[in-house]
Amino acid sequence: MSLSDLLTLTPAGLYCPEADVHIDPVRPVPRALITHGHSDHARAGHGAVMATPQTLAIMALRYGEDFCTTRQPADYGEIVRVGSIDVSFHPAGHVLGSAQIRLKSSKICAVVSGDYKCARDPTCAPFELQRCDAFVTEATFGLPVFRHPDAAHEVARLMESCRLFPDRAHLVGAYSLGKAQRVMKLLREAGWDRPIWIHGAMEKITDFYQQQGVDLGEIRKVTAADRPKLAGDVIVCPPGQLTDLWSRKFPDPVAAFASGWMRVRARARQRGVELPLVVSDHVDWDDLCASVVATGASEIWVTHGAEDAIVHWCRMRGLDAQPLHMIGYGDEDVENMAAGEANE
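Residues numbered from 1 in each chain as written. Predicted model: local features only at pLDDT ≥ 70, side-chain atom pairs only at ≥ 80, totals over all residues. Heavy atoms only, no water.

Engineer: Residue-level account of the pattern of salt bridges, with values.
Structural biologist: Proximity of charged atoms lets side chains of opposite charge pair with each other. A full pass over the atoms with the stated rule returns 15 salt bridges. Where Arg-182 meets Asp-121, a salt bridge forms, and the shortest distance between an N and an O atom there is 4.0 Å. Of this pair, Arg-182 sits in helix α3 (residues 179–189) while Asp-121 sits in the loop between β10 (109–112) and β11 (134–139); the two residues are 61 residues apart in sequence, bridging distant segments of the chain. Classification of Asp-121 as buried rests on a relative accessible area of 9%. Between Arg-147 and Asp-286 there is a salt bridge, with its nearest N and O atoms 3.0 Å apart. A residue pair is termed long-range when its members are at least 10 positions apart, and Arg-147 in the loop between β11 and α2 (151–164) and Asp-286 in helix α6 (residues 285–294) qualify at 139 residues. When salt bridges with common partners are traced through the structure, they connect Lys-117, Asp-121, Arg-182 and Asp-281 into a single cluster. (Salt bridge = Lys/Arg side-chain N within 4 Å of Asp/Glu carboxyl O. Helix = DSSP H or I, 4+ residues; strand = E, 2+ residues; numbered from the N terminus. Buried < 20%, exposed > 50% of the residue type's maximum accessible area, 1.4 Å probe, protein only.)

Structure below.
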């Protein structure tokens, strides 16, 4: 049995006929399984939604309590029978509550990764590899040029810049769900004991992380009166705010941006980023290739990102691989999504 007997691609996204359910659909559907709370994967307007408790809570925070008709929480590892399919959610290591979705029929076992990373992240459950017959993976950073450094090393560079330039505010652009909290936690682990300031768009999600037991220390929301006084401090904000009028009230601000895309220096220059921090919440090339092999899957589908490179890599190793070229998914740090987060 091949993966195409279990999953098919529709205008709304991946669909499992035997369970009559879509996975991370890009438009409203009657029944949906959601891998995580980022807006390119979790949308409002569905009928019934199944996801981890944290993802459901994040969706409610972002879209309101009526974001779907009914919701069903699924704990990590819990097996739920949906139609003739056993469905289970397993840690993806991407953000709080993120999950890979395992679909098992009587003939085939497939795993849909959603977005994931293998690198350490103290703010969410670590990635748990799932053995399977078929693996549906992202490839946001699916090119050999993308080999992410240790995120702690990048945060150490941020702290060193704060030491060298105590008269300047350090603005760190980071996506509001996941990346921002990871940077804050890594700062705490590195010994940063001053208050960490945040843009108001990050307040609800950051409070939720703390309620879930992620200790981020003293967090303060920036007010207009605060901005001129924050020399030597770290302020975490949505990436779109780095070039907004909002940023100009800080004392001689250093524009930093935490993203896997900062590996491409031209992107940093284009965005006016003075301190690029290569901190990614996606697998890099090495971990992507290693994950594909470790699943034991003989069939690989690639949903979005640099599909062609990893598909070629798989085929060279005798794996049956194909790109899906799915529309509507992308990295959370792209400009239009950053602007959307800033307006929450």
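Engineer: Hey, could you go over the pairing of strand β16 (residues 254–258) for me, with residue numbers and the actual values?
Structural biologist: For β16, a buried count of 5 out of 5 residues is recorded, marking the element as mostly surrounded by other parts of the structure. Summarising the sheet, strand β12 (residues 170–173) and β16 pair through 4 bridges and their orientation is parallel. Looking at β16, one finds that Gly-173 is bridged to Phe-257. Examined bridge by bridge, β16 and strand β17 (residues 275–277) share 3 bridges and lie parallel to one another. In the sheet register, Phe-257 faces β17, and the bridge partner there is Pro-276. Running through helix α5 (residues 265–270), the crossover from β16 to the neighbouring parallel element β17 is right-handed. (Pairing = 2+ DSSP bridges. Right-handed = clockwise from strand over helix to strand, strands pointing away.)

Engineer: So what's going on with the packing of helix α1 (residues 53–63) against helix α4 (residues 203–211)? Residues and values would help.
Structural biologist: The interhelical angle for the contact between α1 and α4, taken along N-to-C directions, is 155°, at an axis separation of 10 Å. When the axes of α1 and α4 are compared, the pair comes out roughly antiparallel. Here α1 and α4 pass one another in a crossing that is right-handed. The segment α1 lies against α4, with Gln-54, Ala-57, Ile-58, Leu-61 and Arg-62 engaging Lys-204, Ile-205 and Phe-208. (Axes fitted to C-alpha atoms, helices over the stretch in contact; angles between N-to-C directions. Parallel < 35°, antiparallel > 145°, perpendicular 65-115°, else oblique. Left-handed = near helix turned anticlockwise from the far one by under 90°. Contact = heavy atoms within 4.5 Å.)

Engineer: Describe empty space enclosed by the protein, and please don't skip the residues or the numbers.
Structural biologist: Following the criterion strictly, the structure yields 3 cavities of 30 Å³ or more and no others. Counting only elements with at least two residues in the lining of the largest cavity, the list comes to β11 and β18 (299–305). Sort the elements by how many residues they give to the lining of the largest cavity and β11 lands first, with 3 residues. Of the residues that constitute the lining of the largest cavity, the class distribution is 6 nonpolar, 6 polar and 2 charged. (1 Å grid on protein atoms, 1.4 Å probe; cavity = no way out; pocket = protein on both sides within 12 Å on 5 of 7 lines; lining within 4 Å. Points joined across faces, edges and corners; volume = space filled by probe spheres on them. Nonpolar A, V, L, I, M, F, W, Y, C, P; charged D, E, K, R; others polar.)

Engineer: Explain the environment of Phe-141 residue by residue, including any values.
Structural biologist: You can see Phe-141 is positioned in the loop between β11 and α2. The exposure class assigned to Phe-141 is buried, which follows from its relative accessible area of 1%. Distance in space between the C-alpha atoms of Phe-141 and Asp-226 is 37 Å, their sequence separation being 85 residues.

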